[in-house]
Amino acid sequence: MRWTNTFIPTMKESPAEAEIVSHKLLLRAGLVRKLTGGLYTFLPAGLRALKKVEQIVREEMDRAGALEVLMPALQPPDIWEKSGRLESAQDVLFHVKDRSKKDWVLGPTHEEVITTLVAGELNSYKQLPVNFYQIQTKFRDEIRPRFGLMRAKEFIMKDAYSFDIEDESSNASYKRMYDAYGRIFARCGLRAFPVEADTGVMGGAHSHEFMVPAETGENEVVYSESGDYAANIEKATSQGPLKITPQESCSAAEKFETPNVKTIDDLTTRFDVLPEQQIKTLVYIADGKFVLLLLRGDDLLEEAKLGSFLKCALFRAATDIEIYELLGAYPGSLGAVDINKDIRILADNVLKGASGMVTGANDDGFHLKNVDIKRDIHIDDWCDLRKVKTGELCLKTGEPLKIQRAIEVGHVFKLGTKYSEALGAKVLDERGKNVPCIMGCYGIGVTRTLQAVIEQCFDENGINWPTSVAPYQVCVTALDVDEDSEVMKLASRIYDELGAKGVDVILDDRPVRPGIKFKDSELIGFPLRIGIGKRSLENGNVELKPKSDEMILCSPNETVDKALEWLEANRV
RNA sequence: CGGGAUGUAGCGUAGCCUGGUUAGCGCGCUGCACUGGGGGUGCAGAGGUCGGGAGUUCAAAUCUCCCCAUCCCGACCA
């Protein structure tokens with residue numbers, strides 16, 4: 001491609017809307033343009049990079065034995081009704097109406113569609129295992145689209161669905177995808193690593209997320225230095241807090257006045273009650289019923305753990321007014337001692353055996369001290385609700401845990417039979433018995449992966465594309481664009497020869513000053529620039545300038561070979 | 001959904017508080033000249049519903065109200 005025949009609108013300054021470096025570079029390098037919040041147009045160079053990521057994904061999925069299909073984005077709501085997700089996924093579902101006012105949904109993912117397909121087409125265990133995948137546009141009504149392609153209303157995802165007759169082969173299908181994901185991200189030049197993850201609204205038993213470490217990521221990953229443990233913070237566990245919960249025997253609980261105390265911190269500073277000596281009481285509504293959650297004062301609730309324990313996707317914190325109507329007090333003075341109502345009470349494991357604790361008295365401006373959790377509170381269930389903190393010790397290895405922000409680029413789930421049962425994806429097994437398929441599902445955010453590459457690979461001048469996903473691997477920068485000049489003749493020849501060798505190459509034939517060409521090629525981030533100008537040519541030299549390495553000089557005739565050599569040595 | 005901030009040319013912004021010429025500047029864009037290996041210089045241009053609507057006023061980018069959009073934070077406070 002000649003630069004003058006394509007469209008790469010680079011910018012010197014970045015639009016104010018872009019906050020993170022990858023978003024700025026996407027815009028500045030002329031790869032995408034925003035239509036409106038969460039919706040982007042891919043421009044020619046951006047589309048090339050996107051297609052390269054897609055192609056890597058496709059090759060590795062094919063290699064892992066998955067079969068490519070393409071399913072509709074527009075879907076009938078009744079299959080969502082059947083799976084139960086019309087309700088549980090309501091927050092992200094886009095609805096549209098047709099001319100007869102019938103309701104449709106735009107697919108945020110395709111479990112329902114693929115399971116319906118399998119229900120209709122597969123009847124025998126002999127047809128299993130099978131894994132279908134597609135690369136398709138998904139629609140999600142995000143609360144807050146942000147960071148360009150990272151969290152968009154519409155995005156491209158690779159989704160795969162495996163169907164197996166029994167657990168063992170289902171695990172093998174899972175493993176095959178897990179391994180394929182490692183190869184995919186490596187080929188994209190990404191440092192991504194798998195972590196144990198919560199399954200969320202997808203349901204299912206077991207899952208891993210593939211994470212790219214980045215301070216701008218929306219997830220937090222808990223890991224041990226040795227790498228033997230890594231989990232999403234939504235799921236992560238530890239040996240417990242570093243400060244010990246008081247467990248000495250104590251006298252009867254006693255009410256005391258705490259005017260205007262609203263927070264854990266107030267109690268600590270004004271009444272000298274350490275946070276680890278307090279019981280924090282939260283009120284949630286899950287499936288329409290109140291639940292009280294007890295945590296130690298210095299702990300935070302991890303909502304995903306609550307959802308996972310209750311097996312409930314729809315829950316929320318109660319409002320102050322709901323809480324007042326329930327307990328007769330506002331947040332700040334809540335407690336679970338002597339509750340005479342039929343409310344389920346969950347307590348975090350850390351509170352086991354706690355005594356001498358302080359908690360709200362359900363009377364504004366009053367708290368209770370000397371609370372013994374076993375003696376004074378009726379706990380329905382003990383469970384893990386707290387968010388792990390940095391420095392706590394790993395259950396598995398005993399090492400201090402660290403926390404790192406990360407971008408989730410892939411997620412693999414063991415789904416079990418949730419969808420196959422709901423949508424009738426059953427086959428006859430060896431004994432002639434009708435059994436639901438055991439499913440797995442496997443997603444990769446393709447557009448997000450593309451941006452994650454940029455977020456991880458850049459310098460002060462622009463993007464540092466890995467050769468595998470760069471829009472063009474090589475930019476031939478001609479510093480004299482007169483078609484009859486020696487410089488341009490040589491540039492054209494090298495460009496043609498590289499193209500003939502299958503290299504993605506662009507010829508910068510713009511009649512602009514050299515500085516602009518150099519800056520642009522570094523901003524867009526072509527891995528290798530071949531600079532051809534009169535000045536170096538007079539000395540018999542052509543310049544090979546890898547984006548992130550020192551310049552190499554060579555003679556015009558060896559340029560193509562040297563470039564091929566460099567590309568080979570820098571294959572990802 | 002709650003809170004905060006911001007909307008002025010394609011992009012980045014000044015002006016707004018304290019109402020009053022023709023709304024200024026940088027980048028980009030067009031033309032010409034010079035220049036010609038790191039976003040060059042000069043001259044001449046084009047480009048603005050000052051987010052939208054309503055109001056106050058002799059007069060509104062500027063003050064008031066409503067709406068819209070964008071960005072940030074939060075939705076974990078007990």
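Notes on the structure follow.

Analysis parameters
- Residues numbered from 1 in each chain as written.
- Chains lettered and ligands numbered in written order.
- Predicted model: local features only at pLDDT ≥ 70, side-chain atom pairs only at ≥ 80, totals over all residues.
- Heavy atoms only, no water.
- Buried < 20%, exposed > 50% of the residue type's maximum accessible area, 1.4 Å probe, protein only.
- Helix = DSSP H or I, 4+ residues; strand = E, 2+ residues; numbered from the N terminus.
- Pairing = 2+ DSSP bridges.
- Salt bridge = Lys/Arg side-chain N within 4 Å of Asp/Glu carboxyl O.
- Axes fitted to C-alpha atoms, helices over the stretch in contact; angles between N-to-C directions.
- Phe/Tyr/Trp six-rings, centres within 6.5 Å; stacked < 30°, edge-to-face > 60°.

Regarding the pairing of strand β24 (residues 438-445)
Across the eight residues that make up β24, a large majority, eight, are buried. Side chains Ile 438, Gly 440, Tyr 442 and Ile 444 of β24 all project onto a buried face; the interleaved residues Met 439, Cys 441, Gly 443 and Gly 445 project onto the opposite face, where all are buried too. Relative to β24, strand β8 (residues 154-164) runs antiparallel, the two being bridged by eight bridges. Counted as the bridge partner of Met 157 is Gly 445 from β24.

Things to note about the pattern of salt bridges
Where charged atoms of side chains with opposite charge meet at close range, the side chains can pair. Within this structure, the stated rule accounts for 35 salt bridges. As a salt-bridge pair, Glu 60 and Arg 63 come within 3.2 Å of each other at their nearest N and O atoms. Here the residue Glu 60 and the residue Arg 63 both occupy positions in helix α2 (residues 44-63), the gap between them amounting to three residues, near one helical turn. The exposure class assigned to Glu 60 is buried, which follows from its relative accessible area of 3%. Arg 151 serves as the salt-bridge partner of Glu 142, at 2.9 Å between the closest nitrogen and oxygen. You can call Arg 151 partly exposed: its relative accessible area is 23%. Three or more residues joined by partner-sharing salt bridges are found here, namely Glu 59, Glu 60, Arg 63, Arg 183 and Arg 187.

Some remarks on the sheet that holds strand β30 (residues 542-546)
Spatially, five strands are ordered β28-β27-β29-β30-β31 in an open sheet, and the strand pairing comes out mixed. A strand with exactly one partner marks an edge of an open sheet, and here the two such strands are β28 (505-508) and β31 (552-554). Going from strand to strand, the sheet's axes swing by 20 degrees on average, the running direction of each strand aside. Alignment of β30 against β31, held across three bridges, turns out to be antiparallel. Note on β31: the bridge partner recorded for Leu 544 is Ile 552.

Looking at the packing of aromatic side chains
For any two aromatic rings, the description comes down to two numbers: the centre-to-centre distance and the angle of the planes. For the structure shown, the criterion picks out ten aromatic pairs. With a centroid separation of 6.0 Å and 85 degrees between ring planes, the pair formed by Trp 3 and Phe 526 is classed as edge-to-face. Linking Trp 3 in the segment before α1 (21-28) with Phe 526 in the loop between α14 (514-524) and β29 (528-532), this pair joins segments that are 523 residues apart in sequence. Residues Trp 3 and Phe 526 agree in their burial class; the two are buried. In this structure an aromatic cluster arises from ring pairing among Tyr 178, Tyr 181, Phe 185 and Phe 210.

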